[in-house]
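Examination of the molecular architecture
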Amino acid sequence: MATENRVHFWRRNAKVPGSYPKDTKPKFNNLKSKKASSFHEFARSTNDAWDIDEEEDEDFLGTPALTSSLPSGLPSSSIQNQQLQNPAGDSDTSVSHLPQDLHHVWAEDVNGRVVRSTSEVHLNTSPVRSTLQKQPSLPVRPIIPLVARMSDQNASGAPPMTVREKNRLDKFKQLLASPNTDLEELRKHSWSGIPREVRPITWRLLSGYLPANEERRELVLKRKREEYFGFIEQYYHSRTDEHYKDTYRQIHIDIPRTNPLIPLFQQPVVQEVFERILFIWAIRHPASGYVQGINDLVTPFFVVFLSEFVTEDVENFEVAALPLDTQRNIEADSFWCMSKLLDGIQDNYTFAQPGIQNKVKALEELVSRIDEDIHNHFKRYEVEYLQFAFRWMNNLLMRELPLRCTIRLWDTYQAEAEGFSHFHLYVCSAFLIEWRKEILSMVDFQGLLMLLQNLPTIHWGNEEVGLLLAEAYRLKYMFADAPSHYKR
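Basis of the calculations
- Residues numbered from 1 in each chain as written.
- Predicted model: local features only at pLDDT ≥ 70, side-chain atom pairs only at ≥ 80, totals over all residues.
- Heavy atoms only, no water.
- Helix = DSSP H or I, 4+ residues; strand = E, 2+ residues; numbered from the N terminus.
- Buried < 20%, exposed > 50% of the residue type's maximum accessible area, 1.4 Å probe, protein only.
- Contact = heavy atoms within 4.5 Å.
- Areas by Shrake-Rupley, 256 points an atom, 1.4 Å probe, with all protein chains shown as cover.
- Core = buried A, V, L, I, M, F, W, Y, C linked by side-chain atoms within 4.5 Å.
- Salt bridge = Lys/Arg side-chain N within 4 Å of Asp/Glu carboxyl O.
- Axes fitted to C-alpha atoms, helices over the stretch in contact; angles between N-to-C directions.
- Parallel < 35°, antiparallel > 145°, perpendicular 65-115°, else oblique.
- Left-handed = near helix turned anticlockwise from the far one by under 90°.
- Nonpolar A, V, L, I, M, F, W, Y, C, P; charged D, E, K, R; others polar.
- Phe/Tyr/Trp six-rings, centres within 6.5 Å; stacked < 30°, edge-to-face > 60°.
- Lys NZ or Arg CZ within 6 Å of the ring centre and 35° of its normal.
- pLDDT = per-residue confidence, 0-100.
- Expected span 1.5 Å × (residues − 1).
- Polar contact = N/O pair within 3.5 Å; in protein donor to acceptor, adjacent residues only side chain to side chain.

A few words now on the overall build of the chain. Secondary structure summary: the chain contains 21 helices and three strands in total. Residue burial in the chain is summarised as follows: out of 488 residues, 56% are buried. The contacts of the chain with a sequence gap of at least 6 include a subset with a gap of at least 24, amounting to 77%. About 22,000 Å² of surface is accessible on the chain, with carbon and sulfur atoms providing 50% of the total.

Right under this line is the structure:
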């Protein structure tokens, strides 16, 4: 029974990052009136919002196999997801306009048959799409930009381009224009944030996707992009085979859950891109295959490479309006950069996820040294680090921070040696200590867990992320090379 509770617990997804208002406790009608005093009692009293209805399983499994060959490129047009946009065209849309079930987006043809992806809809020459609406609407609250308009501003809303930032941009352009880019110097400048204008090429270089030699870059890009679409032609048709259908099914279910409040990721053409990227990566890495959480790791790369061609609001941009070759290039680059990232943390996603288990244990040991009050507070109320920090490690804090903050965070991760695998531990420690006052004010298990799963970061910007990274660097400096201080 305990194992079953734990399994269901980790499949739960809290609301979007930062939706837990300060100084208030969330109220749920389905919770028992008695406060939960332990994890198991809490698990029994909480419904699983991520469970898939049996009839949805039947719909999916009953879908006939695709008979067409895979497309040579991306669809040139897509149907707008009207449910995610204000019909009046207002920019200040509220969540009340969102579909009732953001987690299960399915396509239907004119005969009502559920199909696996929008590519099949195109093959059946029917543009009709609908969403299943089974759950009540999310609580009404205003939507603020999660990707673009605040992405290069601090929390106070200062202009994105100051004199200092202009000088930094010029320095980046000078480094990138040199015949052989000095990667160490580029990392040094990238640690404190990369200007939006040069972020795409800088990420390609820092991830190891592009060579430092400028003359070789165009040839490498052409070769790697062709190689990726060669994988598509070779493997993607096998998604309906008996051996891979479970993998594809899980990917297909998870894609609509990826950043459900950002219209960009609810576009059919974007969801198909993510399906292809994740499926190809999964079958090329059989040691881990696809694991829930990997779908989140595609989004920062996709947004950054898309921003290279978009000057307007990225989160509402219609990707199908881009030329087909541009769409293909963004997809291929996102695949290769995500692959480079996962190469360094693949033990997070192999059987039993030992990498995450070890990192959570290391987080517990580190916190016990740097803030004994918090550590003892967790012990007193029987809160285990795995109950909240598993997601922090599995999703690299992407469920805790707005996407604009994740992109800024990844600037530093790619500038740090072993940023995603090692430095992330210190970022998580600093992130936990950031909420010290709120944590110590909670005096019951349920309140603590709800706080830790819904930390109020929705209004965070570059300023807050910069302070978080500075504290993480301080912790790394103190503990990384001092194992006698790191462990009891």
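The discussion continues.
Moving on, we come to the nonpolar core. Note on soluble globular proteins: their nonpolar side chains tend to be buried together. With 113 residues, the main nonpolar core has Leu264, Phe302, Leu306, Met338, Phe378, Trp410 and Leu432 as its most contacted residues. Among the elements that take part in this core, helix α10 (residues 268-284) stands out by supplying 11 residues, more than any other. Those residues in contact with Leu264, other than ones at most four positions away along the chain, are Val270, Phe302, Val303, Leu306, Val314, Glu315, Phe317 and Val319.

Glancing now at the side chain of Arg204. For Arg204, the location among the structural elements is in helix α7 (residues 199-206). Residue Arg204 is classed as buried on the basis of its relative accessible area, which comes to 5%. Setting aside its immediate chain neighbours within four residues, Arg204 contacts Tyr209, Leu210, Leu221, Arg225, Phe305, Glu308, Asp333 and Cys337.

Let us now look at the pattern of salt bridges. Counting across every chain of the model gives 19 salt bridges. With its nearest N and O atoms 2.9 Å apart, the salt bridge here joins Arg276 to Glu331. Highlighted residues: Arg276 in helix α10 and Glu331 in helix α12 (residues 324-343), separated in sequence by 55 residues. Of the charged contacts in the structure, one is a salt bridge between Glu471 and Arg474, with a shortest N-O distance of 2.6 Å. With Glu471 and Arg474 both in helix α20 (residues 462-479) and three residues apart, this pair spans about one turn of that helix. Connected through salt bridges with shared partners, the residues Arg204, Arg225, Glu308 and Asp333 form a single ionic network.

Each packed pair of helices is defined by two parameters, the angle between the axes and the distance between the axes. Between α10 and α12, whose axes approach to 10 Å, the crossing angle comes to 40°. Classified by the angle their axes make, α10 and α12 are oblique. In this structure, the crossing between α10 and α12 has a hand that is right-handed. Contact residues: α10 offers Val269, Val273, Arg276, Ile277, Leu278, Ile280, Trp281 and Arg284, while α12 offers Gln327, Glu331, Ser334, Phe335, Met338, Ser339 and Leu342. The residue inventory of the contact of α10 with α12, partitioned by class, reads nine nonpolar, three polar and three charged.

Scanning all chains against the criterion turns up 27 aromatic pairs. The interplanar angle of 75° and the centroid separation of 5.9 Å between the aromatic rings of Tyr236 and Phe279 together place this pair among those described as edge-to-face. Here the residue Tyr236 occupies a position in the loop between α8 (214-235) and α9 (245-254), and Phe279 occupies one in helix α10, the gap between them amounting to 43 residues. Grouping residues by exposure puts Tyr236 and Phe279 together as buried. Chaining the aromatic ring pairs together yields one cluster made of Trp191, Trp203, Phe301, Phe305, Trp410, Tyr413, Phe420, Phe423 and Tyr473. When the ring centre of Tyr248 is taken as origin, the NZ or CZ atom of Arg239, which lies over that ring, is 5.8 Å away.

Before going further, it helps to spend a moment on the environment of Glu400. Looking at the secondary structure, you find Glu400 in the loop between α15 (386-394) and α16 (403-415). Distance from Glu400 to Gln453, taken between C-alpha atoms, is 7.6 Å for residues 53 residues apart in sequence.

Bringing unusual backbone geometry into the picture now. In this model, Ala352 sits at a positive phi of 70°, which is unusual for a non-glycine residue. Residue position: Ala352 is located in the loop between α12 and α13 (354-370). Residue class for Ala352 comes out exposed when judged on its relative accessible area of 52%.

Locating Ile255 in the fold gives a position in the loop between α9 and α10. If we ignore the near neighbours within four places in the chain, the residues touching Ile255 are Gln271, Phe274, Glu275 and Leu278.

Moving on: the confidence of the model for the chain. Chain-level pLDDT for the chain is 77 on average; 66% of the residues reach the 70-or-more range. Scored below 50 in pLDDT, residues 6-16 shows 33 contacts in the model against residues more than four places distant or in partner chains. This model gives residues 148-158 a pLDDT under 50, and the stretch forms 26 contacts once residues within four places in sequence are excluded.

This part is about α13. In this model α13 runs 24 Å from its N-terminal to its C-terminal C-alpha over 17 residues, within 8% of the 24 Å that 1.5 Å per residue would give. The complete set of buried residues in α13 reads Gly355, Ile356, Lys359, Val360, Ala362, Leu363, Leu366, Val367 and Ser368.

Structurally, Asn348 can be placed in the loop between α12 and α13. Polar contacts involving the side chain of Asn348 include one to the side chain of Lys359, which spans 3.1 Å. Those residues within four positions of Asn348 in sequence are excluded, and the remaining contacts are Gln353, Gly355, Ile356, Lys359 and Met393.

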